[in-house]
Amino acid sequence: MNHIRNFCIIAHIDHGKSTLADRLIQACGAVSQREFRDQVLDSMDIERERGITIKSNSITLPYRAPDGQNYQLNLIDTPGHVDFSHEVRRSLLACDGALIVVDASQGVEAQTVANLYLALDNNLELLPIINKIDLPAADVDRVLEEIDKDLGLDPFAAIPVSAKTGVGIQDVLKGIVEKLPCPKGDPAGPLKALVFDAQFDRYRGVILLCRIMDGTVKPGDPIHFMHSGWDYTVEEVGVNRLKFCPAEQLSAGEVGYIIAGIKSVREIEVGDTITQLDRPAAEPVPGYQKAKSVVFSSIYPINSDEYRELAQALDKLAINDASLTYERDSSAALGFGFRCGFLGLLHLDVVQERLQREFDIGLVVSAPSVRYKVSLKDGDVIEVDNPGNWPDPIKIAGVTEPYIKASILTPEEYVGSVMDLCREYRSASQQMNYLCVGRVEVVSEMPLGEVLFDFYGKLKTVTRGYGSFDYVTIDYRETDVVKVEILINGEPVDALAYLVHRDKARARALHYCEQLAEAIPRHQFKIPIQGVIGGKIIARSTIQAYRKDVTAKCYGGDITRKKKLLEKQKKGKAKMKQVGQVQIPQKAFISVLAADRK
Amino acid sequence: MHSTLPKPIGLYVHLPFCVRKCAYCDFASYAGRQADIPRYVDAVVQEITRRGAETGHPSADTIFLGGGTPSLLDEFQITRILDALFDAFPIEQNAEITCECNPGTLTPPFAQALRQAGVNRLSLGAQAAQTRLLRLLGRIHDWEQVIASVEIARQAGFENINLDLMFGLPSQTVSDFRETLAAAMALCPTHVSCYGLIVEEGTPICREVTAGKLVLPNEEVERDMYEFARQTFAEHGLQQYEISNFAREGYACRHNIGCWTRVRYLGFGCAAHSFFDQCRTMNPPQLDAYLAGEEPKTEQISKDEARFESMMLGLRMTRGVKDEDFTRMHGLSIRDAFGAKLDKPINAGLLEWHEGALRLTRLGMDLQNSVLVDLM
């Protein structure tokens, strides 16, 4: 066990985490040059394209130290985005140490700080790495000061590297062995293994990525999941060297995989603890939390005939994404679809993009919502995330909504704008922390439901791209939420209804009405579009009746072509959704909802 | 029964030559190909003779020489074509024989030759009274030449004169259009065709509009112009009988009415269409393909399609589609053919029954396409 190191890399997005991982993997010769590609640990196309990590992964690196000793370095790769901080937490549980990467030119960022706290919470030993020292804008001295002041770490321990050029990589490997602790655990004790992620393989079923805390596990062992209660028999164990390499057994301190004939990731909970069925551990690994959806949205196929394909695609995605929840939903305007739960907006984006890209299904996604807690006058408390289920306001005694604590890092000159922005997003309180000269952290408690509506995009605008944003959900607070319905020609269109704070209801309703008025083509009659709360109209726009839909000339030579044109007009009409007397093109739904999130 | 007696047919000859192609034109027309006129006339005369024999020399009561610019032909060429038509088809005594002319190309000898060859109706592409708008359309003439052409026509003995006018033109104002209408009315035409500009894809004007270099009047202004035209014409005794056509009593264009009532017609020349034996036929649209003797394309019209055509064409006329005529042609009544599809446009106030005919209302006149889509 003295020769094992389990560690992860903590970095702000773009600070070079994946590149550093790539270099460490190459330096240890874990992958042949032929097999190597950039961002080697990110296997999904969308991860590689966006340069983000969505799923955790692990790789075992053999390392021969300068003193001739052989080490097993287990690098656990974690997602970088706030949406996936749940996955980050799980992965940290599997580690004993962490490399904290700071960009030599940009310095410490909000997310670095947030993840640092997570790492400290998990009692990880930390090794600061200053990356991108090759850049002309690198300011190593300033970063060292930030490491000292903002992170509270020993600046003298920091290792300067350039993951791009490879400078300092051997120092990092040496540092991992020398500065990070070896795992603790009892190989002879009852099995206690933490599942920190799961992948689905078409041929082998679910592959569990585990950290063995105590005991050993080998093929043939009957195992028990301590939280879910399911029992399985181990088929194979091994370590991940980018390929799954079977081993005789895994024992305390090691990181590896277990295959146990599990058919879907739905059957297991990531974060669960595996123990031996006949010799169970006294208690599971602490820190288990169920992934919770915080953002909800309905997804409909653009073409109603594709409902079945959408259902199958979601099933397939969910096999590998335990945090995606979905249930059947139906809209009078858009037909059958699914109400889905996501970890955050990026998660929603990723799922939507994968559905469209990997399954080629055109989608309409309804306005995202948070989950409100509604106290009814009869004493019941219900949770509502779907405007369709919003109770009659007469029955409502009170509503609470989820709040987050946002940590925004910004250059000092934009503090005023950031504060204004927070207030615009119904921030309850703002606090300023001066991190170092020129950099301020704004800590703000605000409703998650507000942040969904492009807070991040606007933050980037007001800080000219320099602001960064991270959040944790904190609690539920009193709020005044109303359901706004959109009526088109007097008919409510369910897929356009949304839940919103009363103060924001009018502005958004107006936005909806205006967008729809632009996207819906003129009809033979005037079409009023109204935003309504209860029976009260709060916003309105009108699509004028078209005045002209006639061809000026139609003589002997025009007849054949004229018929074809009418045929085309008819087909175009058939592609639209009919709501009452009004034909609504799909692009109207998309434009309104897309513009809403932008 | 009358129904067994076939109506006299219509004859159309397409003459695709132009001095210059108009900016809005997506017709088969060619500038700078005048050298090919003699060959073309030969080919058309041959086609007329051949088709006359093939169709058994049906009698005709309308002839329409359209273009392009028929007045680019010389007197002998145009006379040869008309003679060929008279030879191949028995032409009724009181036949309506129209020739399109462009102002600036009509000469007194040509007008006289037309008259002598039997032409009794002239159609002049006047379009607009403002030289600015005419240039923008790519027209070569100005209004002075319109006045001169009308004078030449009258001198040659033409009494039935049509003026083509356009509205909804880029940069055209309502007062421009008033001026055009006043100038046109001053010439006392027996017939006016007044068209809202159609921006056809691929035309120079379409490119300029797409690029934002030309700005069209909005739908409201365009329809105001249309309404204003209707009223002006009515005040001058020109009754509307079709979406874009207005005439003095007795001067409605019989050739075009034939087309809207699905009377058979034969077309000659490149891009010319025919409707005969329940088939719609189109000659090769390219001049060279036509000269090379390429075969026309033929499409059989199904019963359903035929019924729809009756509506598509017949509803263009203010008198609408007589149920009696429809039943005679298709063997079932309009209600039997369209059933519940009629309800929506009728309830929307776009279609109405009037003295045994189904016709568009005034509002329906602006929205004919949507009515037709409902009937498909």
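Just so it is clear, the model here is predicted, and its values are computed rather than measured.

About the thresholds
- Residues numbered from 1 in each chain as written.
- Chains lettered and ligands numbered in written order.
- Predicted model: local features only at pLDDT ≥ 70, side-chain atom pairs only at ≥ 80, totals over all residues.
- Heavy atoms only, no water.
- Phe/Tyr/Trp six-rings, centres within 6.5 Å; stacked < 30°, edge-to-face > 60°.
- Helix = DSSP H or I, 4+ residues; strand = E, 2+ residues; numbered from the N terminus.
- Buried < 20%, exposed > 50% of the residue type's maximum accessible area, 1.4 Å probe, protein only.
- Lys NZ or Arg CZ within 6 Å of the ring centre and 35° of its normal.
- Pairing = 2+ DSSP bridges.
- Contact = heavy atoms within 4.5 Å.
- Axes fitted to C-alpha atoms, helices over the stretch in contact; angles between N-to-C directions.
- Buried area = accessible area lost by both parts, 1.4 Å probe.
- Salt bridge = Lys/Arg side-chain N within 4 Å of Asp/Glu carboxyl O.
- Nonpolar A, V, L, I, M, F, W, Y, C, P; charged D, E, K, R; others polar.

Caption draft 1: Structural detail: the packing of aromatic side chains. This structure, assessed with the given rule, holds 20 aromatic pairs over all chains. Consider the rings of Y307 of chain A and F336 of chain A, whose centres lie 5.5 Å apart with planes at 50 degrees: the pair is tilted. Here F336 of chain A lies in strand 19 (residues 335-342) and Y307 of chain A lies in helix 7 (residues 307-320), a separation of 29 residues in the sequence. Between Y555 of chain A and Y195 of chain B the ring centres are 6.4 Å apart and the planes differ by 85 degrees, which places this aromatic pair in the edge-to-face class. One end of the pair, Y555 of chain A, is in the loop between strand 31 (536-543) and helix 13 (559-574); the other, Y195 of chain B, is in strand 8 (residues 191-196), on a second chain. Residue classification places Y555 of chain A among the buried positions, given a relative accessible area of 15%. Residue class for Y195 of chain B comes out buried when judged on its relative accessible area of 6%. Taken together, the ring pairs in this structure connect Y307, Y326, F336 and F338 of chain A into an aromatic cluster. A cation sits over an aromatic face here: R508 of chain A above Y498 of chain A, 4.3 Å from the ring centre.

Caption draft 2: Representation of the pairing of strand 22 (residues 381-384) of chain A within the structure. Residues and elements named next belong to chain A. When strand 21 (residues 372-376) meets strand 22, the two strands line up antiparallel, connected through 4 bridges. When the bridges of strand 22 are listed, Y372 appears paired with V384. In textbook terms, the turn of a hairpin is the stretch between consecutive antiparallel strands, and for strand 21 and strand 22 this stretch comprises 4 residues, one of which, G379, has a positive phi near 100 degrees.

Caption draft 3: Main features of helix 1 (residues 17-27) of chain A. Residues and elements named next belong to chain A. Burial of helix 1 is extensive: 8 of the 11 residues sit out of reach of the surface. Those residues of helix 1 that sit buried are K17, S18, L20, A21, D22, R23, L24 and I25. Those residues of helix 1 that are buried lie in contact with strand 1 (4-11), strand 2 (57-64), strand 3 (70-77), strand 4 (97-103), strand 5 (125-131) and helix 6 (169-179).

Caption draft 4: Representation of the sheet that holds strand 20 (residues 363-365) of chain A in the model. Residues and elements named next belong to chain A. The 4 strands lie next to each other as 18-19-17-20, forming an open sheet whose pairing is antiparallel. Unpaired on one side and paired on the other, strand 18 (325-331) and strand 20 mark the two borders of the sheet. Direction aside, the axes of adjacent strands within the sheet are offset by 30 degrees on average. Sheet topology note: the strand 17 (residues 295-301)/strand 19 ladder contains 5 bridges and is antiparallel. Residue I299 lies in a different strand from strand 19, and its bridge partner there is F338.

Caption draft 5: Quick look at the interface of chain B and chain A. Chain B puts 42 residues into the contact, and the matching count from chain A is 25 residues. Regarding the contact of chain B and chain A, the summed buried area is about 3300 Å², with carbon and sulfur atoms giving 52% of it. The largest per-residue losses of area from chain B upon contact with chain A belong to N369, V373 and M376 of chain B, which jointly make up 18% of the total buried on that side. Where chain B packs against chain A, one counts 8 salt bridges. With a shortest N-O distance of 3.1 Å, E219 of chain B and R522 of chain A are connected by a salt bridge. For the side of chain B that touches chain A, the secondary-structure elements that each account for two or more residues are strand 8, helix 8 (219-235), helix 9 (254-260), helix 11 (303-314), helix 15 (362-366) and helix 16 (368-375) of chain B. Among the elements that make up the side of chain B that touches chain A, the one with the highest residue count is helix 16 of chain B (6 residues). For the side of chain B that touches chain A, the per-class residue count stands at 18 nonpolar, 9 polar and 15 charged.

Caption draft 6: A look at the sheet that holds strand 6 (residues 159-160) of chain A. Residues and elements named next belong to chain A. The mixed open sheet is built from 6 strands, whose spatial order is 2-3-1-4-5-6. Strands with a single pairing partner mark the edges of an open sheet, and in this sheet they are strand 2 and strand 6. Across 7 bridges, strand 4 lies against strand 5 in parallel orientation. Residue G97 lies in a different strand from strand 5, and its bridge partner there is E125. Packing against the sheet, helix 1 makes contact with strand 1, strand 2, strand 3, strand 4 and strand 5, and its axis sits at approximately 150 degrees to strand 1. Contacts from helix 5 (residues 140-149) reach strand 4 and strand 5, with the element oriented near 160 degrees to strand 5.

Caption draft 7: Molecular detail of the pattern of salt bridges. Residues and elements named next belong to chain B. A complete count under the given rule lists 46 salt bridges over all chains for this structure. With a closest N to O distance of 2.7 Å, R80 and D42 form a salt bridge. With R80 in helix 2 (residues 75-88) and D42 in helix 1 (residues 37-54), this residue pair connects regions lying 38 residues apart in the sequence. In this structure, R51 engages E54 in a salt bridge whose closest nitrogen and oxygen atoms are separated by 2.8 Å. Highlighted residues: R51 and E54, both in helix 1, separated by 3 residues, approximately one helical turn.

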